[in-house]
Amino acid sequence: MTMLEVLDVSGLVTFQDSGRRGWQSYGVPLSGPMDWFAHRAANSMLNNSTDAVVIEIGLGEAMFRAKRDCVLAVTGTGFEVVNYIWTFPLWTSFYVRAGWRVQVKKISGGNWAYLGVAGGFEAQSMLGSKSTYLRGGLGSAIRAGDILEAGKPARELAKLTARNFPVEKFMNYSQSPVIEVIAGPQQDRFTEEGVQTFYGSEYTLSKSFDRMGYRLELLPSPSSAKGIAQATSADLLSEGMTLGSIQVPDNGQPIVMMADSPATGGYPKIANVIRADLPLLAQCEAGVSKIQFREIMLEEAQENFQKLNKAFKTPKG
Amino acid sequence: MLKPLGDSALLVQLGDEINPALNQRVHALNALLQNPIHGILETVPAYSTLLIHYDPLTLTFDQAAHWVRDKMTQLDDSFHRTPRRLEVPVRYGNASGPDLETVAVSKGISPADVIRIHSEREYTVYMMGFTPGFPYMGTLDERLIMPRIATPRTLVKAGTVAIAASQTGIYPLDSPGGWHLIGWTPLKLFDPTSETPFLFSPGDVVKFIPLESLESNSLLFDQ
């Protein structure tokens, strides 16, 4: 049913479900949300299925008008939700009457917001997923004038309203995060100094970042001048990579692979961001953030991910 | 050799070079891993490696690795996969392949030689990537080996057949590209609305058929 009219958008505003599985061997990225935790929480508050379609608002803002009564939830960080003179909190579902105008405005402290609707947005399924992948021509960006449809809510709207997700208990969004990583399969291609520089340095997100990857810039320090040095200049054959893979090209400045990352890549991978910490990195702002990496063991990473997923176990009746 | 890549993937390394026999082993192992156990999400074959994505809420690394090792014991030289064979019509040179002349000049052979050498052997789709449906094929005859172009083009037309280093490929979508463009095929490599969205699969065997020789059969398509 017709739900929202798009009045204005800037930046990159797309539909995202939980991602496109099964086509990476054909060169199709996984896609899905940049911040999986915020995406999942929006659906959880609205009693939607885990892979329901949510609007990702990145690097800009969006304004909508409700075509009928509905319940919305906005998650993420670095944004505020404004309805005329009122401000709605993020991470709380709210009731919107037909005709009301809702604006998702960029402030500071993050890059990506997620707007969910009770019932989930409707979008065309391509290769088994409704996630937009612009470079591959799968779906298209949301534009002013678009009329957005949604499915039937799981329960009556009043019962889905004013639900709060206790985000601070699970995810500590910050512009100076310590991001946990697991050693990568090619860590031995780097010099001992290079590995020390990687773990001992601070980084900020470069201005050239997108859904495909986050280029990081080493912040100046005595050891950072050479970047992350490699012991061998021999080429690595292209091989599969995944969300959070940290590739280091010859210039010594790392690139972290994000949602629209190619399925394969040819630079050595020094480490891999753990799934539990990907949202923290996704929300780091260009030029502002101060990022550090810390190595942990695989078992601990998987425990962290399991713990985070328990946040969604029992949707409240 | 099995190694973790992050907390949700497992990398199987079978070797460290571009080699048709080694790559066949990768595709043979990949074939053995279809119909997987619960929690295995997808596999990505490459030149000498296979990446296995798994769900860490369902499987630990050790459980996934145990399953893969078990399958690897079935991977011996007696295991033969029969690859799919595809013929790809190509119009070489001119507007279809603007770099054909340059390649010929820098290799000291004629454009006709480039066409003959490129189209006379069969290639294996070693892996796919770059953009959806892009096949990395090899191995190219030594007489055609050239480094990538210094400044990649911002727009290469979909269907363009290209070479770089020891490989040949076809651009499935209009996209930037750094390879030498020698021809164009009217075949559609990627159609997201189709039941079979991709023309190629990793492991396929491909032969190029110069369109000139088919002209009498009126198979020439207008660009």
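Keep in mind the model is a prediction, meaning the values are calculated, not measured. (Residues numbered from 1 in each chain as written. Chains lettered and ligands numbered in written order. Predicted model: local features only at pLDDT ≥ 70, side-chain atom pairs only at ≥ 80, totals over all residues. Heavy atoms only, no water.)

For chain B, the count of helices and strands is four helices and 13 strands. Along the first, second and third principal axes, the C-alpha atoms of chain B reach 55 × 35 × 35 Å. Taken across its 223 residues, chain B has 57% of its residues classed as buried. The contacts in chain B between residues at least 6 apart in sequence include a share of 62% that link residues at least 24 apart. (Helix = DSSP H or I, 4+ residues; strand = E, 2+ residues; numbered from the N terminus. Buried < 20%, exposed > 50% of the residue type's maximum accessible area, 1.4 Å probe, protein only. Contact = heavy atoms within 4.5 Å.)

The next point concerns the domain arrangement of chain B. All names here are of chain B. Splitting chain B by domain gives domain 1 (2-72) and domain 2 (85-217). Placing a centre on the C-alpha atoms of domain 1 and another on those of domain 2 gives a separation of 29 Å. Contacts between domain 1 and domain 2 engage eight residues on the former and ten residues on the latter. Considering only the surface of domain 1 that becomes buried against domain 2, Ile18, His27 and Tyr47 emerge as the three largest contributors, covering 55% of it. Linking domain 1 with domain 2 are zero salt bridges. The tally of links between domain 1 and domain 2 comes to four residue pairs in polar contact (both at pLDDT 80 or more). (Domains from an automatic or database assignment. Buried area = accessible area lost by both parts, 1.4 Å probe. Salt bridge = Lys/Arg side-chain N within 4 Å of Asp/Glu carboxyl O. Polar contact = N/O pair within 3.5 Å; in protein donor to acceptor, adjacent residues only side chain to side chain.)

This part takes up the sheet that holds strand E5 (residues 70-76) of chain A. Residue and element names in this part refer to chain A. Spatially, five strands are ordered E2-E3-E10-E5-E8 in an open sheet, and the strand pairing comes out antiparallel. Strands at the two margins of the open sheet, each flanked by one partner only, are strand E2 (12-16) and strand E8 (93-96). Mean inter-strand twist for the sheet, computed between neighbouring axes without regard to direction, equals 25°. The pairing of E2 with strand E3 (residues 54-58) spans five bridges and is classified as antiparallel. Looking at E3, one finds that Thr14 is bridged to Glu56. Along the sheet, helix H1 (residues 36-45) contacts E2, E3, E5, E8 and strand E10 (112-117); its crossing angle with E5, the most-contacted strand, is approximately 155°. (Pairing = 2+ DSSP bridges. Axes fitted to C-alpha atoms, helices over the stretch in contact; angles between N-to-C directions.)

Now for the nonpolar core. Within the largest apolar cluster, 108 residues are counted, with the highest numbers of intra-cluster contacts made by Phe37(A) and Phe293(A). Filtering out sequence-adjacent residues up to four positions away, Phe293(A) remains in contact with Ile179(A), Val181(A), Phe198(A), Tyr199(A), Tyr203(A), Leu216(A), Ile246(A) and Val273(A). Listed in part, the 34 residues of the second largest apolar core include Val28(A), Tyr133(A), Ala104(B) and Met128(B). (Core = buried A, V, L, I, M, F, W, Y, C linked by side-chain atoms within 4.5 Å.)

We now examine the packing of helix H3 (residues 100-107) of chain B against helix H4 (residues 111-120) of chain B. Residue and element names in this part refer to chain B. Their axes nearest at 8 Å, the elements H3 and H4 cross at an angle of 95°. As far as their axial angle goes, H4 and H3 are roughly perpendicular. Packed against H3, whose contacting residues are Leu100, Glu101, Val103 and Ala104, the element H4 presents Pro111, Val114 and Ile115 at the interface. Broken down by class, the residue content of the contact of H3 with H4 amounts to six nonpolar, no polar and one charged. (Parallel < 35°, antiparallel > 145°, perpendicular 65-115°, else oblique. Nonpolar A, V, L, I, M, F, W, Y, C, P; charged D, E, K, R; others polar.)

Below, the discussion takes up the pattern of salt bridges. Residues and elements named next belong to chain A. Using the criterion set out here, one finds 18 salt bridges over all chains in the structure. With a shortest N-O distance of 2.9 Å, Asp210 and Arg135 are connected by a salt bridge. One end of the pair, Asp210, is in the loop between strand E13 (203-209) and strand E14 (213-218); the other, Arg135, is in the loop between E10 and strand E11 (147-149), with 75 residues separating them in the sequence. By relative accessible area, which is 26% here, Asp210 ends up partly exposed. The partner of Asp260 in a salt bridge is Arg211, and the shortest N-O contact between them spans 3.0 Å. One end of the pair, Asp260, is in the loop between strand E17 (255-257) and strand E18 (264-265); the other, Arg211, is in the loop between E13 and E14, with 49 residues separating them in the sequence. This pair shows no difference in class: Asp260 is buried, exactly as Arg211 is. Residues participating in the shared-partner salt-bridge network are Glu5, Arg65 and Lys67.

Interface size is commonly expressed as the accessible surface area that is lost when the partners come together. Every contact between the two is made by 42 residues of chain B and, on the other side, 38 residues of chain A. Taken as a group, Leu5(B), Asp7(B) and Glu42(B) account for 19% of the area that chain B buries against chain A, more than any other trio of residues on that side. Seen at the junction of chain B and chain A, the total is one salt bridge. Note that Glu42(B) and Arg21(A) form a salt bridge whose closest N and O atoms lie 2.8 Å from each other. Here the side of chain B that touches chain A is composed, by residue class, of 26 nonpolar, eleven polar and five charged.

Moving on, we come to a nonpolar patch on the surface. All names here are of chain A. Taken together, the side chains of Tyr84, Ile85 and Trp86 present a nonpolar region at the surface, about 400 Å² in accessible area. The residue Tyr84 is located in the loop between strand E6 (79-83) and strand E7 (86-88) in this model. Judged by relative accessible area, which is 43%, Tyr84 ranks as partly exposed. (Patch = residues over 30% accessible without salt bridge, like charges linked within 9 Å, V, L, I, M, F, W, Y side chains within 5 Å. Areas by Shrake-Rupley, 256 points an atom, 1.4 Å probe, with all protein chains shown as cover.)

This part covers the domain arrangement of chain A. Residues and elements named next belong to chain A. For chain A, the domain assignment lists domain 1 (2-169) and domain 2 (178-312). The C-alpha-based centres of domain 1 and domain 2 are spaced at 28 Å. Across the interface of domain 1 and domain 2, roughly 2,200 Å² is buried in total on both sides, 59% from carbon and sulfur atoms. Of all residues in domain 1, Met34, Trp36 and Asn111 give up the largest surface area on contact with domain 2, accounting jointly for 31% of the area buried on that side. Connecting domain 1 to domain 2 are three salt bridges. Connecting domain 1 to domain 2 are 18 residue pairs in polar contact (both at pLDDT 80 or more). Counting only elements with at least two residues in the side of domain 1 that touches domain 2, the list comes to E2 and H1.

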